Amino acid sequence: MSDESTARPGEFVQSLERGLAVIRAFDAEHPQLTLSEVARATGLTRAAARRFLLTLVELGYVRTDGRLFSLRPRILDLGYAYLSSLSLPEVARPHMEALVAQVHESCSVSVLDGDEVVYVARVPTKRIMTVGISVGTRFPAYATSMGRVLLAAQPARWLDDYLATAQLRPLTRRTVTDPAKLRGILTKITTQGYALVDQELEEGLRSLAAPIHGDNGSVVAAVNVSAHASRGSFEMVRKELLPPLLATAKRIEEDLSAGPGR
């Protein structure tokens, strides 16, 4: 009797193996790669690597600026069947609900997609923004607390490219639009482990965010709480909301690390 789980001669699809090798070439240490780097990492010729990369770009799994390639969040679709039993939003939600019940402010989780944050989970209270927020909502990363946490976690080369090319538009009169000043803020976030944005995305809105780390220590997402400026001073918001927010991020990390197969 033949083993249905073993490929017989002629059944092994080498092009699929090579395509997966291209995807695996990207990791936390190499989030962006040139064509030559992908070819070197996979053992493919430049021509073959280029075909696979452009196919992945066309399918929406990879992005490119013409020189550098990087994975897009859609790549997570490939693992959805396995991860759906314990996805980040599902793991985070009960902890987010507990935080909202404790601090009486809205809570969100987002990931970085290029120069934007994408909301993947949200537990609202009262509406404090003029723009409605739901799963899938996007905002420019530079003006949001979650975006800054995620930007601060990026490799130096990626961040250099971002600061050199990002269009830092003033969304309010408080928005930081100077790349050098933003770099200093991101450096501080790396050191202190959280970000607090004061009315830079929208007037009257303050937001505090913390990183969510994966098993290898890399930042995989960010969690925040948002409060209206009328709640109190900048320092009061930090004092009241930061400890429970950091505790929530830690609990989410612990549950993620306790997932299937771990």
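Look above for the structure.
Counting starts from 1 at the beginning of each chain's written sequence and moves along it residue by residue. In keeping with the predicted nature of the model, local features appear solely for residues at pLDDT of at least 70, side-chain atom pairs appear and are counted solely at 80 or more, and the whole-chain, interface and lining totals rest on all residues. The basis for every side-chain value is the complete set of non-hydrogen atoms in the structure, without hydrogens or water.

Novice: Would you explain the overall build of the chain in this entry?
Specialist: In this description a helix means any DSSP run of H or I spanning at least four residues, a strand means any run of E spanning at least two, and both kinds are numbered starting from the N terminus. A count of helical and extended segments in the chain gives nine helices and nine strands. Classification of the 262 residues of the chain by burial places 43% in the buried group. We call two residues in contact whenever any of their non-hydrogen atoms come within 4.5 Å of each other. For the chain, restricting intrachain contacts to residue pairs at least 6 apart in sequence, the fraction spanning at least 24 positions comes to 56%. Surface exposure here means Shrake-Rupley accessible area, sampled with a 1.4 Å probe, where a residue is shielded only by the protein chains that are shown. As displayed, the chain has an accessible area near 14100 Å², and 54% of this comes from carbon and sulfur atoms. Accessible area is worked out with a 1.4 Å probe on protein chains only. A residue is then buried under 20% of its type maximum, exposed over 50%, and partly exposed in between.

Novice: Quick question: what am I supposed to make of the pattern of salt bridges here?
Specialist: Pairs can form between side chains of opposite charge whenever their charged atoms are close. A carboxyl oxygen of Asp or Glu within 4 Å of a side-chain nitrogen of Lys or Arg is what we treat as a salt bridge. What the rule picks out here adds up to eleven salt bridges. The partner of Arg93 in a salt bridge is Glu97, and the shortest N-O contact between them spans 3.2 Å. With a gap of four residues between them, Arg93 and Glu97 both fall in helix H5 (residues 88-103), about one helical turn apart. For Glu97, a relative accessible area of 39% puts it in the partly exposed group. Through salt bridges with shared partners, a single network forms among Arg63, Asp113, Glu116 and Arg138.

Novice: How do you make sense of the environment of Ala101 when you look at a structure like this?
Specialist: With respect to the element layout, Ala101 can be found in helix H5. In the structure, Ala101 is positioned 22 residues away from Val123 in sequence and 10.0 Å away in space, judged by C-alpha atoms.

Novice: I tried to follow the sheet that holds strand S7 (residues 195-198) on my own but got confused; where do I start?
Specialist: Strands were regarded as paired on the criterion that DSSP finds at least two bridges between them. On the basis of which strands lie adjacent, the open sheet formed by six strands has the order S6-S5-S4-S9-S8-S7 and antiparallel pairing. Two strands in the sheet have a free side with no partner beyond their single neighbour: strand S6 (138-140) and S7. Across the sheet, the mean angle from the axis of one strand to that of its neighbour is 30°, orientation sign disregarded. Across the sheet, H5 lies against strand S4 (106-113), strand S5 (116-123) and strand S9 (219-228), angled at about 65° from S5, the strand it touches most. Think of each axis as a best-fit line through the C-alpha atoms, taken over the contacting stretch in the case of a helix, with angles from 0 to 180 degrees between the N-to-C directions. The strands that helix H6 (residues 145-152) touches are S4, S5, S7, strand S8 (205-213) and S9; relative to S9, the one it contacts most, it runs at about 155°.

Novice: I tried to follow the packing of helix H1 (residues 14-24) against helix H3 (residues 46-59) on my own but got confused; where do I start?
Specialist: Running from N to C, H1 and H3 cross one another at 75°; their axes reach a closest spacing of 10 Å. What the angle tells us is that H1 and H3 run roughly perpendicular. Of the residues in H3, those touching H1 at Ser15, Arg18, Gly19, Val22 and Ile23 are Phe52, Leu53 and Leu56. Amino acids outside the nonpolar list (Ala, Val, Leu, Ile, Met, Phe, Trp, Tyr, Cys, Pro) and the charged list (Asp, Glu, Lys, Arg) are all regarded as polar, and Gly is one of them. Class assignment for the residues of the contact of H1 with H3 results in five nonpolar, two polar and one charged. Each angle gets one of four labels, with under 35 degrees taken as roughly parallel, over 145 as roughly antiparallel, 65 to 115 as roughly perpendicular, and the rest as oblique.

Novice: Quick question: what am I supposed to make of the layout of surface pockets here?
Specialist: Points on a 1 Å grid, built from protein atoms alone, make a cavity when a 1.4 Å probe fits but cannot get out and make a pocket when they are open with protein on both sides within 12 Å along at least 5 of 7 lines; residues with an atom within 4 Å of a point are the lining residues. Grid points are joined across faces, edges and corners, and a volume is the space filled by probe spheres set on the points. Within this model, the second largest pocket holds a volume of roughly 240 Å³. Looking at the second largest pocket, it is lined by 13 residues, and the ones nearest its centre are Ile185, Lys188, Gln192, Leu196 and Phe234. Looking at the lining of the second largest pocket, the elements with two or more residues in it are helix H8 (179-192), S7 and helix H9 (234-257). Split into classes, the residues belonging to the lining of the second largest pocket amount to seven nonpolar, one polar and five charged.

Novice: Quick question: what am I supposed to make of the pairing of S4 here?
Specialist: Each regular strand displays side chains that alternate between the two surfaces of the sheet. When you tally the buried positions in S4, you get eight out of eight residues, the bulk of the element. Every second residue of S4 is oriented toward a common face, with Ser106, Ser108, Ser110 and Leu112 on one face and Cys107, Val109, Val111 and Asp113 on the other, all of them buried. Judged from the five bridges that link them, S4 and S9 form a sheet pairing that is antiparallel. The partner of Val109 across the bridge, within S9, is Val223. Relative to S5, S4 runs antiparallel, the two sharing seven bridges. Pairing of Ser108 across the sheet is with Arg122, part of S5. Here S4 folds back onto S5, and the loop between the two strands holds two residues, one of which, Gly114, carries a positive phi near 70°.

Novice: Sorry if this is basic, but what is going on with the environment of Leu35 here?
Specialist: Within the secondary structure, Leu35 is located in helix H2 (residues 35-42). Put simply, Leu35 and Arg50 are 15 residues apart on the chain and 6.5 Å apart in space, counted from C-alpha to C-alpha. Discounting chain neighbours no more than four positions away, the residues touching Leu35 are Arg46, Ala49, Arg50, Leu53, Arg67 and Phe69.

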